[in-house]
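# Results of the structural survey
Chain by chain, the residues run as shown.
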Amino acid sequence: MTTNLDGIKTRAATLGGLIAVMWFLRILDALVPGSGSAAGHGIIPRSWIGLEGIPVAPFIHIDFEHLLANSVPLMILGALVLLRGVMEFLFVVLASVLVGGIGTWLFGAGDAQHVGASGIVFGLFGYLIFRTAFDRRLSSAVITVIVAVAYGTAMAWSIIPEEGISWSGHFFGFIGGLLAARWRYPRQEQQRIV
């Protein structure tokens, strides 16, 4: 029983810690206004300095509304991925940050700094949608249906280019989640039930 409780605490601490860092940084940036964020800058497409922004961009948010809009789905979708463990969650987050960041650097609007955790949110969404195709578990299929019904339409609309929103971060974060599902479950087993 203690082991199970420790596992839940570790998972909660992992997700809570990630979100807490985002909130801490946003509070710091609000208290010390200036030209950008204490974490640096976001992804500036097709610039050398923009490559440095890839690992920090998910932690930088324009304002508290932007942060809240990312925090709620990050909590929900992150908790669903964490049902399978911390390593799975970290793997998906890393894949989403890297694929989403590189895709945004290559194809994003060049006259902007791309920031926010929405690439991770879309990566988690993509992972949960496509994981079933690769792990072939009934539990994954149930989660896929729930996530598709709850978030599918809103996520689809958010990939369409709109002024002030990084469609490339959303789209390539989603691709990062899809690739994470493929990489995490490289073989399709014929009979997998649980």
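Located above this text is the structure these notes cover.
Now for a description of the structure that goes with this document. This one's a predicted model, so the numbers in the text were calculated from it and none came from an experiment.

A contiguous nonpolar patch, built from Phe24, Ile27, Leu28, Leu31, Val32 and Phe64 and spanning about 590 Å² of accessible area, is present on the exposed surface. Sort the elements by how many residues they give to the nonpolar patch and helix H1 (residues 2-31) lands first, with four residues. You can see Val32 is positioned in the loop between H1 and helix H2 (48-52). When its relative accessible area of 54% is taken as the criterion, Val32 is described as exposed.

A word on the packing of helix H4 (residues 86-107) against helix H7 (residues 167-184). Across the interface, H4 lies against H7 with an axial gap of 7 Å and an inter-helix angle of 140°. As summarised for this structure, H4 and H7 are arranged oblique, according to the angle between their axes. As H4 runs across H7, the sense of the crossing is right-handed. On the side of H4, the interface is formed by Glu88, Phe91, Val92, Ala95, Ser96, Val99, Gly100, Gly103, Thr104 and Phe107, while H7 contributes Trp167, Ser168, Gly169, Phe172, Gly173, Ile175, Gly176, Gly177, Leu179, Ala180, Trp183 and Arg184. A per-class count over the contact of H4 with H7 returns eleven nonpolar, nine polar and two charged.

Take H7 next. Compared with the 26 Å implied by 1.5 Å per residue over 18 residues, the 25 Å span of H7 between its first and last C-alpha is a close match. Those residues of H7 not exposed but buried are Ser168, Gly169, His170, Phe172, Gly173, Phe174, Gly176, Gly177, Ala180 and Ala181. Residues of H7 that are buried in the fold lie against H4, helix H5 (118-135) and helix H6 (138-159).

Here the distance between the centres and the angle between the planes together describe a pair of aromatic rings. All told, the structure shown has six aromatic pairs when counted by the stated rule. Plain terms: the ring middles of Phe171 and Phe172 are 5.0 Å apart, the flat faces sit at 80° to each other, and that makes the pair edge-to-face. Among the residues examined, Phe172 registers a relative accessible area of 14% and is labelled buried. Site record: aromatic cluster; members linked through ring pairs are Phe107, Trp167, Phe171 and Phe172.

Our next topic: the packing of helix H3 (residues 64-82) against H5. Contact pair H3 / H5: the axes reach a minimum separation of 9 Å and the direction vectors enclose 35°. The handedness of the crossing between H3 and H5 comes out as left-handed. Residues Asn70, Pro73, Leu74, Leu77, Gly78, Leu80 and Val81 of H3 touch H5, and the partners they reach there are Ser118, Ile120, Val121, Leu124, Phe125, Tyr127 and Leu128. Looking at the contact of H3 with H5 residue by residue, the classes come out as eleven nonpolar, three polar and no charged.

To continue, consider the pattern of salt bridges. In the structure shown here, the tally under the stated rule is three salt bridges. We note a salt bridge from Arg84 to Asp135, for which the minimum N-O separation is 2.9 Å. Taken together, the residues Arg84 in the loop between H3 and H4 and Asp135 in helix H5 connect sequence positions 51 residues apart. Residue Asp135 is classed as buried on the basis of its relative accessible area, which comes to 2%. Salt-bridge contacts for Arg184 lead to Glu88; the nearest nitrogen and oxygen are separated by 3.6 Å. You can see Arg184 sitting in helix H7 and its partner Glu88 sitting in helix H4, a full 96 residues away along the chain. Here Arg184 falls in the partly exposed class, since its relative accessible area comes to 34%.

Let's shift gears to the nonpolar core. Generally speaking, nonpolar side chains in soluble globular proteins are found buried as a group. Within the largest apolar cluster, 36 residues are counted, with the highest numbers of intra-cluster contacts made by Leu74, Leu77, Phe89 and Leu124. Of all the secondary-structure elements, those providing two or more residues to this core are H1, H3, H4, H5, H6 and H7. Sort the elements by how many residues they give to this core and H5 lands first, with eight residues. Residues within four places of Leu77 in sequence aside, it is in contact with Val121, Leu124, Phe125, Leu128, Val147, Tyr151 and Met155.

Conventions used here
- Residues numbered from 1 in each chain as written.
- Predicted model: local features only at pLDDT ≥ 70, side-chain atom pairs only at ≥ 80, totals over all residues.
- Heavy atoms only, no water.
- Patch = residues over 30% accessible without salt bridge, like charges linked within 9 Å, V, L, I, M, F, W, Y side chains within 5 Å.
- Areas by Shrake-Rupley, 256 points an atom, 1.4 Å probe, with all protein chains shown as cover.
- Salt bridge = Lys/Arg side-chain N within 4 Å of Asp/Glu carboxyl O.
- Helix = DSSP H or I, 4+ residues; strand = E, 2+ residues; numbered from the N terminus.
- Buried < 20%, exposed > 50% of the residue type's maximum accessible area, 1.4 Å probe, protein only.
- Axes fitted to C-alpha atoms, helices over the stretch in contact; angles between N-to-C directions.
- Parallel < 35°, antiparallel > 145°, perpendicular 65-115°, else oblique.
- Left-handed = near helix turned anticlockwise from the far one by under 90°.
- Contact = heavy atoms within 4.5 Å.
- Nonpolar A, V, L, I, M, F, W, Y, C, P; charged D, E, K, R; others polar.
- Expected span 1.5 Å × (residues − 1).
- Phe/Tyr/Trp six-rings, centres within 6.5 Å; stacked < 30°, edge-to-face > 60°.
- Core = buried A, V, L, I, M, F, W, Y, C linked by side-chain atoms within 4.5 Å.

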